[in-house]
Amino acid sequence: MTTTEPAPPRSKRAPHAAATVVLLRDGEGKPEVFLLRRAGGAGFMANATVFPGGKVDAQDHELGPALSVEHTASIGHALDSDIIGVLGNFGAAVRELCEEAGVVLARTDTGAIVAPEVAAAVAAAVTGERDGHRVPAAAFRRALHSHGLVADMSAVAPFAWWVTPHAEPVRFNTLFFCAVLPAGQSAAVDGVEGTEGQWVTAQAAIAIHNAGGRQMLPPPTLHTLLRIAALAGDAAAVCAALAARSVGPMLMPHFVAEGADGPHGKDGPFIAMPDDPAHPDALADDADRRHRFVLRGDRFVHFAHAARLGPLEL
């Protein structure tokens, strides 16, 4: 039997809208992703290794030309959000990538891609306008406009939707995007929210995490890296494969205090994904499907019962 904790009180506070960006580049044989280690004093996921990202600013939807209705309607339907809300997610993805990784996804008024030296100047200007731990959308927009640029929201592609469980004191409603590093640009952490940054293959990052190394991956990051590790092709192909699927359904993990005996011993405590029978939202036909993250020491490791799971169903 699997025993779950008594249902905690549901948070009365709505989750913050947020965006996370999986930045990819071509590596030696396999694509690499950019990961950063969050500062020890961070209010959320301190010391964890994650992708760049953060909360949506009220003006993020104004950063670039509006995307087409066809481009946003299905996403808005999945997230139960209007077009302004969806554009805010896109804008936040572009802004946070500049803020936390120094990468500028922008175009000139004529549609030309930003030159690397101009991108570096924009990133420096954004750093100069930092307000504590955040760069407001207005500051990012000023930095872009001073160089005749607008944010290129079409350069990020959404592929997943994660929501923090109700029991958590701080919650996020996060749209995950992927993007390819523009030619000539490089990525570097801001030194404020992120203290270390590195390019690494998904396979290597997972291996370091599982071996108890310095890269400690939260379940959403580990889940995403597992999806990437199952894909073939260069950075552009991997990003396209991720984005080919709908952003839904919502992924809200469920904490289970005690698990049943599994092939590696006791499987609890663990975090169940929606296709796990231990998850309250699991469907009846999920009985032979399972994705969970079992606590081993100081970190969660992935366990899958894959009777009917394909590589992109992670």
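Coordinates for the structure precede this section.
Being a predicted model, the structure only gives us computed values, none of them experimental. (Residues numbered from 1 in each chain as written. Predicted model: local features only at pLDDT ≥ 70, side-chain atom pairs only at ≥ 80, totals over all residues. Heavy atoms only, no water.)

Turning our eyes to something else, we now look at the pairing of strand β2 (residues 32–38). In terms of burial, β2 is largely enclosed, as seven of its seven residues are buried. Residues Glu32, Phe34, Leu36 and Arg38 point to one face of β2 and Val33, Leu35 and Arg37 to the other, with burial holding for every one of them. The loop that links strand β1 (residues 16–25) with its antiparallel partner β2 comprises six residues; one of these, Gly29, has a positive phi angle of about 90°. Where β2 lies against strand β9 (residues 194–200), six bridges are found, and the strand directions are antiparallel. (Buried < 20%, exposed > 50% of the residue type's maximum accessible area, 1.4 Å probe, protein only. Helix = DSSP H or I, 4+ residues; strand = E, 2+ residues; numbered from the N terminus. Pairing = 2+ DSSP bridges.)

What follows deals with the pattern of salt bridges. The full count for this structure, using the stated rule, is 10 salt bridges. Among the ionic pairs, Arg142 bridges to Glu129, the shortest N-O distance being 2.6 Å. Taken together, the residues Arg142 in helix α4 (residues 137–145) and Glu129 in the loop between α3 (116–128) and α4 connect sequence positions 13 residues apart. Judged by its relative accessible area of 48%, Arg142 falls in the partly exposed class. For Arg214, the salt bridge is made with Glu196, and the minimal N-O distance between the two is 2.6 Å. (Salt bridge = Lys/Arg side-chain N within 4 Å of Asp/Glu carboxyl O.)

Bringing the environment of Val294 into the picture now. Here Val294 lies in strand β14 (residues 289–296). The exposure class assigned to Val294 is buried, which follows from its relative accessible area of 2%. Between the C-alpha atoms of Val294 and Pro219, which are 75 residues apart in sequence, the distance is 9.7 Å.

Tallying each qualifying case throughout the model produces four aromatic pairs. Ring geometry for Phe90 versus Phe177: centroids 4.9 Å apart, planes at 75°, classification edge-to-face. With Phe90 in helix α2 (residues 83–101) and Phe177 in strand β8 (residues 172–180), this pair connects stretches of sequence that are 87 residues apart. A ring pair is formed by Trp162 and Phe176, whose centres lie 6.2 Å apart and whose planes are at 40°; its orientation type is tilted. Of the two residues, Trp162 sits in strand β7 (residues 157–163) while Phe176 sits in strand β8, which places them 14 residues apart along the sequence. Using a relative accessible area of 5% as the deciding quantity, one classes Trp162 as buried. Each member of the aromatic cluster is reached from another via a ring pair, and the members are Phe159, Trp162 and Phe176. (Phe/Tyr/Trp six-rings, centres within 6.5 Å; stacked < 30°, edge-to-face > 60°.)

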